[in-house]
Amino acid sequence: MTVLASAWPAVIAVLVVAAGGKVRDVPGFAAAIGAYRVLPARLTRAAAVAVLSAEAAAAVLLAVPATRRWGALFAAALFAAFLAAMASVLRRGMRIDCGCFGSARRPAPVGAASVARTALLLLLAVMAAIAGPAPFSPVQPVLAAVFLGAVAAVPRPRPGVPEPEASPPAGPRPGTPFALDAEIGAPAVFALISPACGLCRTMLPVFAEAAARRRVVLVSAADEPDVRRHLDEHGVAHLPLVIDPAVYDANGIPWPPYAVVTDAAGTVLAAGGADTPAGFHALLRWADAAAARPVR
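Rules and cut-offs
Residues numbered from 1 in each chain as written. Predicted model: local features only at pLDDT ≥ 70, side-chain atom pairs only at ≥ 80, totals over all residues. Heavy atoms only, no water. Helix = DSSP H or I, 4+ residues; strand = E, 2+ residues; numbered from the N terminus. Expected span 1.5 Å × (residues − 1). Buried < 20%, exposed > 50% of the residue type's maximum accessible area, 1.4 Å probe, protein only. Pairing = 2+ DSSP bridges. Axes fitted to C-alpha atoms, helices over the stretch in contact; angles between N-to-C directions. Contact = heavy atoms within 4.5 Å. Phe/Tyr/Trp six-rings, centres within 6.5 Å; stacked < 30°, edge-to-face > 60°. Lys NZ or Arg CZ within 6 Å of the ring centre and 35° of its normal.

Some thoughts on helix H2 (residues 7-23)
Its 17 residues give H2 an end-to-end C-alpha distance of 24 Å, which sits within 8% of 24 Å, the value for a rise of 1.5 Å per residue. Among the residues of H2, Ala-7, Trp-8, Ala-10, Val-11, Ile-12, Val-14, Leu-15, Ala-18, Ala-19, Gly-21 and Lys-22 are the ones counted as buried.

What to know about the sheet that holds strand E2 (residues 216-220)
Taken in spatial order, the 5 strands make up an open sheet running E3-E2-E1-E4-E5, and their pairing is mixed. Either end of the sheet is taken by a strand with one partner, and the two such strands are strand E3 (241-243) and strand E5 (268-273). The mean inter-strand angle of the sheet, taken between neighbouring strand axes irrespective of direction, is 20°. As paired strands, strand E4 (residues 258-262) and E5 are joined by 5 bridges and run antiparallel to one another. Opposite Val-261, over in E5, you have Ala-270 as the bridge partner. Helix-sheet contacts for helix H11 (residues 277-292) involve strand E1 (188-193), E4 and E5, and the interaxial angle to E5 is about 165°.

A few points about the packing of aromatic side chains
Here the structure, examined in full by the defined rule, presents 3 aromatic pairs. On the numbers, 6.4 Å between centres and 65° between planes, the contact of Phe-79 with Phe-82 is edge-to-face. On the criterion of helical spacing, the pair formed by Phe-79 and Phe-82 is a turn pair, its members being 3 residues apart in helix H5 (residues 68-91). With a centroid separation of 5.0 Å and 75° between ring planes, the pair formed by Phe-207 and Phe-280 is classed as edge-to-face. In this pair, Phe-207 sits in helix H8 (residues 198-210) while Phe-280 sits in helix H11, placing the two residues 73 residues apart along the sequence. When sorted by exposure, Phe-207 lands in the same class as Phe-280, which is buried. Lying across the ring of Trp-8, Arg-68 places its NZ or CZ 3.8 Å from the centre.

Okay, structure coming up:
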C-alpha cells in the first residue's frame with residue numbers, strides 16, 4: 001500500500017508543471033489542441049481553458065486527503081482522454097506537437113514517447129485512486145521522486161533528427177497539381193502553417209532562411225489578421241502569404257507544418273511533413289532530384 005500511496009505527490013507535480021507551462025501560452029496551447037483536428041476551431045480556446053482548469057482542479061483535490069481518491073480519478077480520466085486523442089492522431093498518420101507540457105518552446109511530436117509517458121501517468125493516477133487517503137509515510141516522497149524520474153526518463157525525440165518514415169500517408173503526390181486558391185508564380189516552396197502552432201513556430205526561421213535561395217510562400221487556412229500578427233512576432237512578415245481555408249482538404253494534407261515544392265508548371269515535385277529542419281531540407285533535396293531527372 002505504501003507504493004500505491006506514494007503516487008499522488010508525483011501526479012500533483014506533473015499536473016502543476018503541465019498546467020504552468022500551458023498557462024504561459026494559452027493561445028499556443030489552443031492551437032496545439034486544434035492541430036489534433038477533433039474539435040471545431042471555434043472551440044479550441046474554450047477547450048484549452050477547460051483542460052487547464054481540470055488539471056488545476058485535479059491537483060487541488062489530490063492534495064486534500066478527504067478528496068484524494070476523487071482527484072486521482074479525475075486525473076486518470078484526463079490522462080485517458082489524452083491517450084485517446086494521441087491514438088487518434090497516430091491512427092490518422094498525423095505528425096503534430098502533443099502540447100503536453102505547454103511545449104511551444106520545446107515541441108514534442110505525438111509518438112511512442114508521448115504515449116508511453118501519458119500511459120505511465122495514467123498508471124500513477126490509478127495507483128493513487130486505489131490507495132485513497134492513506135496515512136502519510138516518510139517513504140512516500142522518496143518513491144514519488146522515483147516515479148517522477150521514471151516519467152522524465154521517457155526519451156524525447158532529438159531535435160533535428162528526422163523520423164524513419166519521412167513521407168506522409170496523405171497529401172499531394174509528385175506529378176499532380178497543387179490545388180491553391182491563388183495565382184502564384186512557380187516554381188515555389190509552399191510552407192503550410194497554422195497561426196500559433198508550436199512546431200510551425202519552430203520552423204518559421206527555417207522557412208525564412210530557405211527564402212534566401214528559393215521562392216518560399218507561406219500558406220494558412222486561418223484568417224489573415226491572426227496570421228500576420230503571428231508572423232510579425234517572429235520577424236518573418238516579409239514572406240509572401242496566401243490564405244486559403246480549403247487548402248488542407250483540397251490537397252489531403254493532414255497537419256501543419258507541411259511543405260509542397262512545385263515546378264514551373266505548378267506540378268508537385270515533392271511534398272511532406274516539415275516539422276524538423278532536417279526533414280524540410282530532405283524534402284528540398286528530393287524536389288531538386290526530381291527536377292533534375294530528364295523528361296521521358
